[in-house]
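Structural features, examined
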Amino acid sequence: MSVLLIEAFYGGSHKQLMDLLQEELQDDCVLCTLPAKKWHWKARTAALYFMQTVPTSTNYRILFASSVLNLAELAALRPDLGKLKKVLYFHENQLVYPVQKCQERDFQYGYNQILSCLVADVVVFNSAFNMESFLTSIGKFMKLIPDHRPKDLEKIIRPKCQVLYFPVRFPDVSRFMPEHKLAHLEKVMGVRRNGDAHQLEARQKSGALMKTRDTHCESGLCEAQPGPCTTQQEGLPSPRTAPARGATSDVSESTNPCQEEDNQHLTFNLTNILSGRDCQQRPLHVAWPHRWEHDKDPETFFKVLLKLKEKDLPFHVSVLGEAFTEIPDIFSEAKKALGSSVLHWGYLPSKDDYFQALCMADVVISTAKHEFFGVAMVEAVYCGCYPLCPKALVYPEIFPAEYLYSTPEQLFKRLQNFCKRPDIVRKHLYKGETAGFSWAALGGKFRSLLAAEPREDL
């Protein structure tokens, strides 16, 4: 157990990464987690909890944690852990989070992340956009301090930083693929056969475990896990060439009662679709697989869809992703207004159901104002969806230019054309290069990151 994995928010892409690392490291790691609920409290208090619950061991060499944890606090509270090589992984950063009102920004969250970077030995970001947006915002962020401000923090932190894309793994979705997507699947599988021989074996090992979510460690207790655990994804994407400056499905383990009524909605509707007209003649099927929160900008998405409906353009929509305690009003309003255009509405706990929904969709859309990688979009592309993303945030780093839009009006025009000619997207083969986001491409780098000896200077 030379690697200590700590995740203060064990859900969505945070959980997926920890599960993958645990599967790869097997009995050489111990995983300590807190459930993916009440994020703000986890960011504030997780270090104190882990001080008391992380077992002591002379075998630890590496501490790997996401940036939700205040690493500076934990290192101070547990000097034995402070002596390890400390790797901090940023799924997102709080310096550029799009708060609804300026006064709502809580200085402490970004400040904690800066402190954690100063204490860490290696700081890893899931995209170049994430890294540069964080580093270049430090100076402005620290100006919020009224006086006696620290200086040159970016210069201190930057040498520790590197980009290591999120390693995506996907299950075998061939059983869900409609006939017109088989060419896409053959293209993706061809890349896999050439680049990731491990992935077929991994699918065979974990396929039986896909249908329900893995609830391991959600009590917050720390356990050593010597055997492989379930991962919910397998092999895809590669970065676009990024300038020197690139989850989830973002979910927690909670279920919102506002979505429970739709648990059977997907299966019923997909069955009807599959038994209906020729797939090329069916209305365009749009997917939106994101958290039901303001930073994903559902208002823009639904405004565009309702404009399509006003023009009597045929389409279906599956609104996936998870809702939390506070659901933006636009969701209930849009569901009523969209009426029979809705195929599915709500979070899908079963990964089989989730990937089936993506495989049946034609287009996947992001309207996000806050995205540092976008696992859900990459998953959807793997499932043969045509992506439409903002020409901003991390998206130009991941997707070719033809899949980007600059304004909601541009998004509307693209969808209007697709509604009139859905065969355009159904015949389309994704033009991006995807192999660089797979574990085959990234696994060696993660192993190297987690293989160093402890620091000798402490």
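In this convention, every chain numbers its residues from 1, walking through the sequence in written order. At least 70 in pLDDT is required for a residue's local features to be given in this predicted model, at least 80 for side-chain atom pairs to be given and counted, and no such filter applies to totals for whole chains, interfaces and linings, which use all residues. In computing side-chain values, all of the structure's heavy atoms are included and hydrogens and water are not.

**Details of the overall build of the protein**
Defined as follows: Only DSSP runs of H or I covering at least 4 residues are called helices, and only runs of E covering at least 2 are called strands; the numbering of each starts at the N terminus. Three exposure classes are used, based on accessible area relative to the maximum for each residue type with a 1.4 Å probe and protein chains only: buried under 20%, partly exposed in between, and exposed over 50%. The accessible surface values rely on the Shrake-Rupley method and a 1.4 Å probe; as for residues, cover is taken only from the protein chains in view.
Each helix and strand counted, the protein has 20 helices and 13 strands in total. Of all 458 residues assigned to the protein, the portion counted as buried reaches 61%. Taken as a whole, the protein presents about 19,000 Å² of accessible surface, with 53% of it coming from carbon and sulfur.

**Comments concerning the sheet that holds strand E10 (residues 342-345)**
The criterion, for reference: Two strands qualify as a pair provided that DSSP identifies no fewer than 2 bridges between them. Contacts are residue-level and defined by heavy atoms, with any inter-residue pair within 4.5 Å sufficient. To get an axis, a line is fitted to the C-alpha atoms, and for a helix only the part in contact is used. The angle between two axes follows their N-to-C directions and goes from 0 to 180 degrees.
The strand order across the open sheet built from six strands is E10-E9-E8-E11-E12-E13, with neighbouring strands paired in parallel fashion. The sheet terminates laterally at E10 and strand E13 (404-405), the two strands that pair on one side only. Each of strand E8 (284-289) and strand E9 (315-320) is contacted by helix H15 (residues 351-360), which is oriented at about 140 degrees to E8, the strand it contacts most. Contacts from helix H18 (residues 408-420) reach E8, E9, strand E11 (363-365), strand E12 (386-390) and E13, with the element oriented near 165 degrees to E12.

**Re the packing of aromatic side chains**
As a reminder of what qualifies: Pairing of aromatic side chains here covers Phe, Tyr and the six-membered ring of Trp, requires ring centres within 6.5 Å, and sorts the geometry by plane angle: under 30 degrees stacked, over 60 edge-to-face, intermediate tilted. Whether a charge lies above a ring is judged from NZ of Lys or CZ of Arg, which has to be within 6 Å of the ring centre and within 35 degrees of the ring normal.
Scanning the model with the defined rule gives 30 aromatic pairs in all. Plain terms: the ring middles of Trp-288 and Phe-301 are 5.5 Å apart, the flat faces sit at 25 degrees to each other, and that makes the pair stacked. Note that Trp-288 is positioned in strand E8 and Phe-301 in helix H13 (residues 298-310), a separation of 13 residues in sequence. The burial state of Trp-288 is the same as that of Phe-301; both residues are buried. An aromatic cluster is built from Trp-288, Trp-292, Phe-301, Phe-302, Phe-331 and Trp-345, whose rings are joined through pairwise contacts. Directly above the ring of Trp-41 sits Arg-44, whose terminal nitrogen or CZ lies 5.5 Å from the centroid. Above the plane of the ring of Phe-412 lies Lys-307, whose end atom (NZ or CZ) is 4.4 Å from the centre.

**Remarks on the pattern of salt bridges**
Any two side chains of opposite charge can pair if their charged atoms end up close together. Selection criterion: Here, a salt bridge means any side-chain nitrogen of Lys or Arg that lies within 4 Å of a carboxyl oxygen of Asp or Glu.
Summed over the entire model, instances satisfying the criterion amount to 19 salt bridges. By sharing partners, the salt bridges in this structure join Glu-23, Glu-24, Arg-169 and Arg-447 into a single network.

**A few points about helix H16 (residues 375-382)**
With eight of its eight residues buried, H16 lies for the most part within the structure. Where H16 is concerned, the buried positions are Val-375, Ala-376, Met-377, Val-378, Glu-379, Ala-380, Val-381 and Tyr-382. Looking one or two residues past H16, Gly-384 carries a phi angle of roughly 90 degrees, positive in sign.

**Observations regarding unusual backbone geometry**
Unlike most non-glycine residues, Gln-26 shows phi in positive territory, near 50 degrees. Assignment of secondary structure puts Gln-26 in the loop between helix H1 (12-25) and strand E2 (29-35). For Gln-26, a relative accessible area of 35% translates into the label partly exposed. A positive phi is found at Asp-152, a non-glycine position, where the angle reads about 60 degrees. Summarising the element assignment, Asp-152 is placed in the loop between helix H7 (138-142) and helix H8 (153-157).

**Notes on the pairing of strand E3 (residues 62-66)**
The buried fraction of E3 amounts to five of the five residues, a majority that puts the element mostly inside the structure. Where burial is concerned, the two faces of E3 agree: the one with Ile-62, Phe-64 and Ser-66 and the one with Leu-63 and Ala-65 are both buried. Strand direction decides the pairing type here: strand E1 (residues 3-10) and E3, joined by four bridges, are parallel. In the strand pairing of E3, Ile-6 is matched with Ala-65. Alignment of E3 against strand E4 (residues 85-90), held across five bridges, turns out to be parallel. Each bridged residue has a counterpart across the sheet, and for Ser-66 the counterpart in E4 is Tyr-89.

**Some remarks on the nonpolar core**
As a reminder, the rule being used: In this text, buried Ala, Val, Leu, Ile, Met, Phe, Trp, Tyr and Cys residues form a nonpolar core when linked through side-chain atoms within 4.5 Å.
Counting residues in hydrophobic clusters, the biggest one holds 93 residues, and the most contacted among them are Phe-64, Phe-399 and Leu-415. Broken down by element, the residue count for this core peaks at seven residues, all from H16. Residues within four places of Phe-64 in sequence aside, it is in contact with Leu-4, Leu-5, Ile-6, Leu-17, Met-18, Leu-21, Val-87, Tyr-89, Leu-449 and Leu-450.

**What about the environment of Leu-5?**
Assignment of secondary structure puts Leu-5 in strand E1. Leu-5 sits in the buried class, given a relative accessible area of 0%. Considering only alpha carbons, one finds Leu-5 and Val-87, 82 residues apart in sequence, at a separation of 9.7 Å. Excluding its chain neighbours within four sequence positions, the residues that come into contact with Leu-5 are Met-18, Leu-21, Gln-22, Cys-29, Val-30, Leu-31, Cys-32 and Phe-64.

**Quick word on the pairing of E4**
Within E4, six of the six residues are buried, leaving the element largely enclosed by the surrounding structure. Sheet topology places E4 next to strand E5 (residues 122-125); four bridges connect them, and they run parallel. Looking at E5, one finds that Leu-88 is bridged to Val-123.

**Brief notes about helix H20 (residues 439-449)**
We apply this condition: What the arc describes is the spread of directions from the helix axis to the C-beta atoms.
Taken residue by residue, H20 has Trp-439, Leu-442, Gly-443, Phe-446 and Leu-449 as its buried positions. Seen from one end, H20 has its buried residues packed into an arc of 125 degrees, which puts them on one side. Opposite the packed face of H20, turned more than 90 degrees from it, sit the exposed residues Lys-445 and Ser-448.

**Regarding the environment of Cys-359**
Turning to its location among the elements, Cys-359 is positioned in helix H15. Taking C-alpha positions, Cys-359 is 9.9 Å from Ala-287, a pair spaced 72 residues apart along the chain. In contact with Cys-359, not counting residues within four places along its chain, are Val-173, Phe-176, Met-177, Pro-178, Lys-181 and Cys-383.

**Some words on the packing of H13 against H18**
Operational definition: Oblique is the label for any angle not under 35 degrees, not over 145, and not in the 65 to 115 range, which are roughly parallel, roughly antiparallel and roughly perpendicular in turn. A clockwise turn of the near helix away from the far one marks a right-handed crossing, whereas an anticlockwise turn of less than a right angle marks a left-handed crossing. Put simply, Ala, Val, Leu, Ile, Met, Phe, Trp, Tyr, Cys and Pro go in the nonpolar bin, Asp, Glu, Lys and Arg in the charged bin, and everything else, Gly too, in the polar bin.
H18 packs onto H13 with a crossing angle of 45 degrees between their chain directions and a minimal axis gap of 10 Å. Comparing the axis directions of H13 and H18 gives the class oblique. Classified by chirality, the crossing of H18 by H13 is right-handed. Together, Thr-300, Val-304, Lys-307 and Leu-308 of H13 and Pro-408, Glu-409, Leu-411, Phe-412, Leu-415, Gln-416 and Cys-419 of H18 make up the contact between the two elements. Taken together, the residues of the contact of H13 with H18 sort by class into seven nonpolar, two polar and two charged.

Remember, this is a structural readout, not a statement about activity or role.
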